[in-house]
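Chain by chain, the residues:
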Amino acid sequence: KDVMSIVTSSPSLRVLDVSRNTIGDGGISLLQNLNTLTKLNIKHCGLSVEGAACIKKMLTQNTTLKTLRISDNNIGDVGVGHIAEALEDNNTLTKLGVFRCGL
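## Considerations on helix H3 (residues 49-61)
Point 1. When the terminal C-alpha atoms of H3 are compared, their 19 Å separation across 13 residues agrees well with the 18 Å that a helix rising 1.5 Å per residue should span.
Point 2. Buried within H3 we find Gly51, Ala52, Cys54, Ile55, Met58 and Leu59. For H3, the arc enclosing every buried residue in end-on projection is 155°, short of the 170-degree limit, so these residues lie on one face.
Point 3. On its buried face, H3 sits against helix H2 (24-31), strand S2 (39-41), strand S3 (67-69) and helix H4 (76-87).

Shown next as structure tokens:
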């Protein structure tokens, strides 16, 4: 099995750090249904605006995520806008890292 298959089949996973791995937008789409995460580090993973849209979906569904690190991904203004829209309804996220995201 590849790592992403193992991760996505772990129903009690709380912390995930896949930073500096090129999971890209396809990888983040696999992670968007992990509703038990409290910390997610996807720094420098090759994400684009499409990946940010997946993060938006994740933030609207996940009620346990407290920390999200998405720095060093080229999501740009539109991608950060997606995340900002999700934060209007998400009241569990307390830490968000968005440094060097093409703003």
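## Let's talk about the packing of H2 against H3
Point 1. Between H2 and H3, the least distance of the axes is 8 Å, while the angle of their chain directions is 10°. Between H2 and H3, the interaxial angle falls into the category roughly parallel. Contact residues: Asp25, Ile28, Ser29 and Leu31 in H2; Glu50, Gly51, Cys54, Ile55 and Met58 in H3.
Point 2. The class makeup of the residues in the contact of H2 with H3 is five nonpolar, two polar and two charged.

## Quick word on the pattern of salt bridges
Point 1. Under the criterion given, the structure shown has three salt bridges.
Point 2. The residue glutamate 85 makes a salt bridge to lysine 56 at a minimum N-O spacing of 2.6 Å. Pair noted here: glutamate 85 is in helix H4 and lysine 56 is in helix H3, with a separation of 29 residues, a long-range link.
Point 3. Aspartate 72 is the partner of arginine 100 in a salt bridge, and the nearest nitrogen-oxygen pair spans 2.7 Å. Taken as a pair, arginine 100 in the segment after strand S4 (95-97) and aspartate 72 in the loop between S3 and H4 lie far apart in primary sequence, 28 residues in all.
Point 4. Beyond isolated ion pairs, a larger network of salt bridges with shared partners links Lys43, Asp72 and Arg100.

Conventions we followed
Numbers given to residues run from 1 along each chain, matching the order in which its sequence is written. Only residues with pLDDT of 70 or above have their local features reported here, since the model is predicted, and side-chain atom pairs are shown and tallied only from 80 upward, although totals for entire chains, interfaces and linings are computed over all residues. Computation of side-chain values covers all heavy atoms of the structure but excludes hydrogens and water. The secondary structure listing takes helices from DSSP runs of H or I that are at least 4 residues long and strands from runs of E that are at least 2 residues long, numbered from the N terminus. Multiply 1.5 Å by the residue count of a helix minus one, and that product is the helix's expected span. Buried residues are those whose accessible area, probed at 1.4 Å on protein chains only, stays under 20% of the maximum for their type, while exposed residues exceed 50% and partly exposed ones sit between those limits. This arc is built from the directions going out from the helix axis to the C-beta atoms. What makes two residues a contact is simply this: any of their non-hydrogen atoms within 4.5 Å. Lines fitted to C-alpha atoms define the axes here, with helix axes fitted over just the stretch in contact, and angles between the N-to-C directions of these axes take values from 0 to 180 degrees. Angles below 35 degrees are treated as roughly parallel, those above 145 as roughly antiparallel, those between 65 and 115 as roughly perpendicular, and all remaining angles as oblique. The residue classification treats Ala, Val, Leu, Ile, Met, Phe, Trp, Tyr, Cys and Pro as nonpolar and Asp, Glu, Lys and Arg as charged. All others, Gly included, are polar. The rule for a salt bridge is simple: a side-chain nitrogen of Lys or Arg has to be within 4 Å of a carboxyl oxygen of Asp or Glu.

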